[in-house]
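As a plain string of letters, each chain reads:
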Amino acid sequence: MQTNLADFIKNTPAGDEAEAILRACVHCGFCTATCPTYQLLGDELDGPRGRIYLIKQVLEGAPVTAKTQTHLDRCLTCRNCESTCPSGVQYGRLVDIGRNVVEQRVQRPLRERALRFALKEALPRRWLFTPVYKAGQALRPLLSKGLQDKLRPGAAAGAWPARQHARSMLLLDGCVQPAMSPNINAATARVLDALGVQLIVAPKAGCCGALRHHLNDQEAALDDMRRNIDAWWPYVDSAEAIVMTASGCGATVKEYGHLLAHDAQYAEKARRIAALTRDLSEIMPAFENELVAQLKGRIGKKVAYHPPCTLQHGQQIRGKVEQVLRAVGVDVRLCADSHLCCGSAGTYSILQPALSQQLRDNKVANLEACEPDEIVSANIGCLSHLQSGTETPVRHWIELIDSALSQVK
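Residues numbered from 1 in each chain as written. Predicted model: local features only at pLDDT ≥ 70, side-chain atom pairs only at ≥ 80, totals over all residues. Heavy atoms only, no water.

K.L.:
What is the right way to read the overall build of the protein from this model?
P.N.:
Tallying secondary structure elements over the protein gives 25 helices and eight strands in all. The C-alpha radius of gyration computed for the protein amounts to 21 Å, which stays within 12% of the reference 22 Å derived for 409 residues, consistent with globular compactness. Taken over the C-alpha atoms alone, the protein extends approximately 65 × 45 × 45 Å along its principal axes. Looking at the 409 residues of the protein, the share that counts as buried comes to 56%. Taking the intrachain contacts of the protein between residues at least 6 apart in sequence as the baseline, contacts between residues at least 24 apart amount to 75%. Summing over all exposed atoms, the protein offers an accessible surface of approximately 17,500 Å²; the carbon and sulfur share of this is 52%. In the protein, 47 positive and 42 negative side-chain charges are present, and the distance between their average locations comes to 3 Å. (Helix = DSSP H or I, 4+ residues; strand = E, 2+ residues; numbered from the N terminus. Rg over C-alpha atoms; globule rule 2.2 N^0.38 Å. Buried < 20%, exposed > 50% of the residue type's maximum accessible area, 1.4 Å probe, protein only. Contact = heavy atoms within 4.5 Å. Areas by Shrake-Rupley, 256 points an atom, 1.4 Å probe, with all protein chains shown as cover. Lys, Arg positive; Asp, Glu negative; His and termini not counted. Charge placed at Lys NZ, Arg CZ, Asp CG, Glu CD.)

What follows is the structure in structure tokens.
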């Protein structure tokens, strides 16, 4: 695709990156076939190829309109198109650049600005989000059906292991997950403790930066990333990995090296942190034989597994969760259209509720068609969003293994 970037972005890091991505696109349209919003809306501008054209026009100096912003807002950033693209177009990075430019040129309505401000200021701050979330749970019976669905109680965390081990890994505690589903990280710590690995939570680490980044507060997102790097840095020589139990966080932390590449103080540290980062599903296969020996096929459940977009498309990790669960005796099913987004997509379910709920309902119908005992996934946003649309229990896949190990003891 030929480009002629406008002076405001030409020869800048963002402009150079955008130009390389645009030139890689051969506008074949394969991406359109797997785009969730195009499938729902049938509008070329609500598919990756159309959005690429819109971003190209914006970067070449064409007038920027609210309509352009709407089409970019409707993108889930699920990156399914990247898995489909035969040319390797890095659409996710391009849409971040395009959205940032459009955000600076288009004044949103006051209500939208207020909502986005509240989301980017409250959600990443655990000390603020947790009490607000717990207050919402206490008032749940008085709230609307939609809010009640979003405030379902999660399993209690239970005990955190106290044993010390020679092997250690860092764990990102996250911002919203400890309030919404405190058992996920505790379950991970207990499972790894049983396998001889100690999980360490760096006290000053917080939000990975994804929330602010995708809400176009990219400078604040970079500050979140720098804070995490500073919090983890004293441990990098001793920790084997930085473990992510939320694939959305993992997809972002693995991008730290790219996102901070032009920060002279943090570039090298960011690359080191990104290289150390592993999704939990990348860690557990190494312990598969030991788990099999301990559990001896005790988990006799049938589950439907929803692979999050941030895992299968963002990190290009497929098959590892299913492999581990099947090894320990779980009957794992992938539903029809398992490659499609569930509609959670960070804050998308709040900002685009109609599209999000339609995608969720389609996903839940396909998952329930597997007739599972439970639905499992690997990202807090997906877990919460799916649970809001079904009475079938939804939880993180590591909780299955934790429950089984507790019965062995």
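K.L.:
So what exactly am I meant to see when it comes to the environment of Arg-93 here?
P.N.:
With respect to the helices and strands, the residue Arg-93 is situated in helix α7 (residues 91–105). According to the relative accessible area criterion, Arg-93 is partly exposed, its value standing at 23%. Each C-alpha atom of the pair Arg-93 and Ile-21 lies 8.5 Å from the other, and the pair is 72 residues apart in sequence. Setting aside residues up to four positions removed in sequence, Arg-93 forms contacts with Glu-17, Ile-21, Glu-255 and His-258.

K.L.:
Just checking my understanding: could you explain the pattern of salt bridges for this structure?
P.N.:
The full count for this structure, using the stated rule, is 32 salt bridges. For Glu-121, the salt bridge is made with Arg-125, and the minimal N-O distance between the two is 2.6 Å. (Salt bridge = Lys/Arg side-chain N within 4 Å of Asp/Glu carboxyl O.)

K.L.:
Explanation requested: the nonpolar core in the structure shown.
P.N.:
The nonpolar side chains of a soluble globular protein tend to be buried with one another. Counting residues in hydrophobic clusters, the biggest one holds 50 residues, and the most contacted among them are Trp-232, Tyr-256 and Ile-273. Counting residues per element, this core draws most heavily on helix α14 (residues 218–232), at six residues. Two domains each put at least three residues into this core: domain 2 (167–282) and domain 3 (285–407). Here Tyr-256 is in contact with Cys-208, Met-225, Asn-228, Ile-229, Trp-232, Ala-270 and Ile-273, once residues within four sequence places are set aside. Judged by nonpolar contacts, the second largest core, of 37 residues, contains Val-191, Leu-295, Leu-311 and Val-328. (Core = buried A, V, L, I, M, F, W, Y, C linked by side-chain atoms within 4.5 Å. Domains from an automatic or database assignment.)

K.L.:
Is there a simple way to think about helix α17 (residues 267–276) in this case?
P.N.:
The α-helix winds at 3.6 residues per turn, so residues separated by three or four positions along the chain end up facing the same way. Three or more residues of α17 are buried, namely Ala-267, Ala-270, Ile-273, Ala-274 and Leu-276. Next to the buried residues of α17 lie α14, β3 (242–244), α15 (247–253), α16 (256–259) and β4 (277–279).

K.L.:
Please explain the state of the cysteines as it appears in this structure.
P.N.:
Under the defined criterion, the tally for this structure stands at zero disulfides. Looking at the unpaired Cys-249, the closest cysteine sulfur is the one in Cys-208, lying at 3.9 Å. On the accessibility criterion, Cys-249 (19% relative accessible area) is buried. Between Cys-382, a cysteine without a disulfide, and Cys-342, which holds the nearest cysteine sulfur, the sulfur-to-sulfur distance is 3.9 Å. (Disulfide = S-S within 2.5 Å.)

K.L.:
Teacher, can you tell me more about a nonpolar patch on the surface here?
P.N.:
Taken together, Trp-127, Leu-128 and Val-132 make up a surface patch of nonpolar side chains, about 330 Å² in accessible area. With respect to the helices and strands, Trp-127 occurs in helix α9 (residues 126–138). (Patch = residues over 30% accessible without salt bridge, like charges linked within 9 Å, V, L, I, M, F, W, Y side chains within 5 Å.)

K.L.:
I tried to follow the domain arrangement of the protein on my own but got confused; where do I start?
P.N.:
In many reports, interface size means the accessible area that the parts give up when they come together. Once the domains are mapped, the protein shows domain 1 (13–105), domain 2 (167–282) and domain 3 (285–407). Computed over C-alpha atoms, the centres of domain 1 and domain 3 are 28 Å apart. At the junction of the two partners, domain 1 supplies 14 residues and domain 3 supplies 17 residues. Regarding the contact of domain 1 and domain 3, the summed buried area is about 1,200 Å², with carbon and sulfur atoms giving 65% of it. At the boundary of domain 1 with domain 3, the tally comes to zero salt bridges. Within the residue set of the side of domain 1 that touches domain 3, elements represented by two or more residues are α3 (36–41) and α6 (80–84). Examining the composition of the side of domain 1 that touches domain 3, we find that five residues originate from one element, α3, more than from any other. Each residue belonging to the side of domain 1 that touches domain 3 can be placed in one class, and the counts come to six nonpolar, five polar and three charged. (Buried area = accessible area lost by both parts, 1.4 Å probe. Nonpolar A, V, L, I, M, F, W, Y, C, P; charged D, E, K, R; others polar.)

K.L.:
Looking at this structure, how should I read the pairing of strand β5 (residues 302–305)?
P.N.:
The sheet contact formed by β5 and strand β6 (residues 331–334) spans four bridges and is parallel. Opposite Ala-304, over in β6, you have Arg-333 as the bridge partner. The pairing of β5 with strand β7 (residues 374–377) spans three bridges and is classified as parallel. Within β7, the residue paired with Ala-304 across the bridge is Ile-375. (Pairing = 2+ DSSP bridges.)

K.L.:
What should I look at first to understand the sheet that holds strand β8 (residues 394–396) in this one?
P.N.:
The strands making up a sheet associate through backbone hydrogen bonding, with each pair oriented either parallel or antiparallel. Reading across from one edge, β6-β5-β7-β8 is the order of the four strands in this open sheet, with parallel pairing throughout. In this open sheet, the two strands that pair with only one neighbour each are β6 and β8. Sheet twist, expressed as the average angle between the axes of neighbouring strands with direction ignored, equals 35 degrees. Lying on the sheet, helix α21 (residues 320–327) is in contact with β5, β6 and β7; it crosses β6 at an angle near 155 degrees. Packed on one face of the sheet, helix α24 (residues 380–387) meets β7 and β8 and runs near 170 degrees to β8. (Axes fitted to C-alpha atoms, helices over the stretch in contact; angles between N-to-C directions.)

K.L.:
How should the packing of aromatic side chains be read in this particular structure?
P.N.:
Any two aromatic rings considered together are summarised by their centre-to-centre distance and by the angle between their planes. Taken as a whole and assessed by the stated rule, the structure comprises one aromatic pair. Over the face of the ring belonging to Phe-8 we find Arg-105, whose NZ or CZ atom lies 4.3 Å from the ring centre. (Phe/Tyr/Trp six-rings, centres within 6.5 Å; stacked < 30°, edge-to-face > 60°. Lys NZ or Arg CZ within 6 Å of the ring centre and 35° of its normal.)

K.L.:
What is the right way to read the sheet that holds strand β1 (residues 167–171) from this model?
P.N.:
One open sheet accounts for four strands, arranged β2-β1-β3-β4; its pairing is parallel. On the outer flanks of this sheet lie β2 (197–200) and β4, each paired with one strand and no other. On average, each strand axis in the sheet is tilted by 40 degrees relative to the strand beside it, whichever way the strands run. Sitting on the sheet, helix α12 (residues 183–194) touches β1 and β2, and the angle it makes with β2 is about 150 degrees.

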